[in-house]
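Per-entry structural report
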Amino acid sequence: MTQTEYDAIVVGSGPNGLAAAITLQQAGLKVLLVEGKKTIGGGLRSAELTLPGFIHDICSAIHPLAIAAPFFKTVSLEKFGFEFIHPAIPLAHPFEDGTAALIKRSLEETAALLGTDEKTYQQLIHLLVAKWDTFIGDTLNPLSFPKHPFDFARFGLNAIQPAMWLSKHFSTKHGKGLWGGLAAHSIQPFHKLTTSAIGLVLMAAAHTNGWPIPKGGSQQLANALAAYFVSIGGKIETQFYVESLGQLPSAKAVLFDVTPRQLLKIAGHTFSSIYKWQLEKYRYGMSVFKVDWALDGPVPFASEGSAMAGTLHLGNTFQEIAWSEGQTWKGKHPEKPFVLLAQPSVLDATRAPAGKHTLWGYCHVPNGSTKDMTEAIERQVERFAPGFRERILAKHVMNSVQMEEHNPNYVGGDINGGVIDLGQLFTRPALRWSPYRTSTKGLYICSSSTPPGGGIHGMCGYNAARRVLKDLFPKN
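Quantities reported herein were computed from a predicted structural model and do not represent experimental measurements.

About the criteria used
- Residues numbered from 1 in each chain as written.
- Predicted model: local features only at pLDDT ≥ 70, side-chain atom pairs only at ≥ 80, totals over all residues.
- Heavy atoms only, no water.
- Helix = DSSP H or I, 4+ residues; strand = E, 2+ residues; numbered from the N terminus.
- Rg over C-alpha atoms; globule rule 2.2 N^0.38 Å.
- Buried < 20%, exposed > 50% of the residue type's maximum accessible area, 1.4 Å probe, protein only.
- Contact = heavy atoms within 4.5 Å.
- Areas by Shrake-Rupley, 256 points an atom, 1.4 Å probe, with all protein chains shown as cover.
- Lys, Arg positive; Asp, Glu negative; His and termini not counted.
- Charge placed at Lys NZ, Arg CZ, Asp CG, Glu CD.
- Arc of directions from axis to C-beta.
- Pairing = 2+ DSSP bridges.
- Axes fitted to C-alpha atoms, helices over the stretch in contact; angles between N-to-C directions.

We now examine the overall build of the chain. Summing up its helical and strand segments, the chain has 15 helices and 16 strands in all. Here the C-alpha atoms of the chain give a radius of gyration of 21 Å, agreeing with the 23 Å that 2.2 N^0.38 yields for 476 residues. For the chain, the spread of C-alpha atoms along the principal axes amounts to about 70 × 50 × 45 Å. Across the 476 residues that make up the chain, the buried fraction comes to 62%. Nonlocal contacts in the chain, meaning residues at least 24 apart in sequence, comprise 75% of its contacts between residues at least 6 apart. Working note: accessible area of the chain is about 18100 Å², and carbon and sulfur atoms make up 54% of it. Taking the average place of the 44 positive charges on the side chains of the chain and the average place of its 37 negative ones, the gap between the two points comes to 7 Å.

Here it is in structure tokens:
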């Protein structure tokens, strides 16, 4: 090979960029990680968005897949001061009548709370829970042959179903509603194929590794990963915004933690016509409107158990959630949107001054929406927590356009790096033998626009880095 300044350069320091850089550095390569912002992290950033002393996660707050992901098993972050906090109640789904469906760490205890849906709940995920380590490895590395193909096929038969179909297994309001909130993480209408997959994975994760939050904020996870990378010889440069290949030092491989839109702008002139055409056809999905609150006290939820839950789904019944997501997909803004909340300060005292709290929330909106959904979101919170508004000290809002301004990977406010439907599940961002390779030798894509998609697991970067090692550094 021609002598280069670096073996590999990774563009973008989100969780996938960090995972790619670390994996390559662990293999003995000389790696440079560049980031356009002042701080590293991508979707792992935190900041005092409202008032001094109130730490808010700008994007991702809860990390159900981080502990389980094969990439995270390759790094030890405790010595860099990182710590996960595990809620005893990973998820609460309150209802308008003052009751709530709860997911606890115990599968059996959770199922028992669902009454006549106890058996249904256990049958859906007991196999996933029992064989979680193997199953999650197969799920997060979908292009390899599964280690237990028959078990994985059984999961696939449920996962490929529309969430609307799978909801018919449940007979109670609590069971159906709980399922609706989980399925809404697919960020698609419930009649679409594969919308059950993420709900099943999140259910199983709650009973295995849990839905942990990073102590001190998600930025602490990014900082620990960066510190580990530097400790093994990696180099990081921030405020290095890449708009063309000519800005980069010489390297044998360049990996881009960006979506197809940015990749085309940076390197599109080097791609084959067919690959360029495929990237231009890549589809982005629904986006988010996000609110962060500084509170004078805890959220006064009416339902038992909700006050101590790390995550809450506010949408009432399955029918209401399905309607909300379907309307949003059609480009509308429902009056009662499905709202996803996280209350990290209930578990982590470092997030707010003594006696005060932070609250993180968002609803789905059409891609590129600039409509202010603050009132609709706060109405939903008040609906299940009367008196909530009286505790608000300050708030910070971000619409879809502002989300993209904060992080260009959130095209139109899409935090998933593109729709994860049947057409873009395995072929994201393009139909190729390896989705991580571009058509130009030495250029790779490692963002959530590649399998397995969005989430804080690092596997898009990890898988892309392993592809680079096989292609260009087979002896490492």
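Here we take up helix 5 (residues 149–159). Side chains of residues three or four places apart in an α-helix project in the same direction, reflecting 3.6 residues per turn. All buried positions along helix 5 are accounted for by D151, F155, N158 and A159. For helix 5, the angular spread of buried residues about the axis comes to 100 degrees, placing them on one side. Turned more than 90 degrees from where helix 5 packs its buried face, F150 and L157 sit exposed. Where helix 5 is buried, its residues meet helix 3 (118–130), helix 4 (132–140), helix 6 (163–166) and helix 8 (197–206).

Before going further, it helps to spend a moment on the sheet that holds strand 6 (residues 89–94). A sheet is described by the order of its strands in space; here seven strands give the open sequence 7-6-12-13-14-11-15, paired in mixed fashion. On the outer flanks of this sheet lie strand 7 (100–103) and strand 15 (392–398), each paired with one strand and no other. The mean inter-strand angle of the sheet, taken between neighbouring strand axes irrespective of direction, is 20 degrees. Pairing of strand 11 (residues 287–295) with strand 15, which is carried by six bridges, proceeds in the antiparallel orientation. Bridge pairing in strand 15 links L295 to I392. Of the strands in this sheet, strand 6, strand 11, strand 12 (309–314), strand 13 (339–342), strand 14 (357–365) and strand 15 touch helix 13 (residues 374–384), which is tilted by about 60 degrees from strand 11.

One open sheet accounts for five strands, arranged 9-2-1-10-16; its pairing is parallel. Whereas interior strands pair on both sides, the edge strands pair on one side only; in this sheet they are strand 9 (235–237) and strand 16 (443–445). Taking each pair of neighbouring strands and ignoring which way they run, the sheet shows an average axis angle of 20 degrees. Where strand 2 (residues 31–34) meets strand 9, three bridges bridge the pair, whose relative direction is parallel. In the strand pairing of strand 9, L32 is matched with K235. Its contacts with the sheet put helix 1 (residues 15–26) on strand 1 (6–11), strand 2 and strand 10 (251–256), and the angle it makes with strand 2 is roughly 170 degrees.

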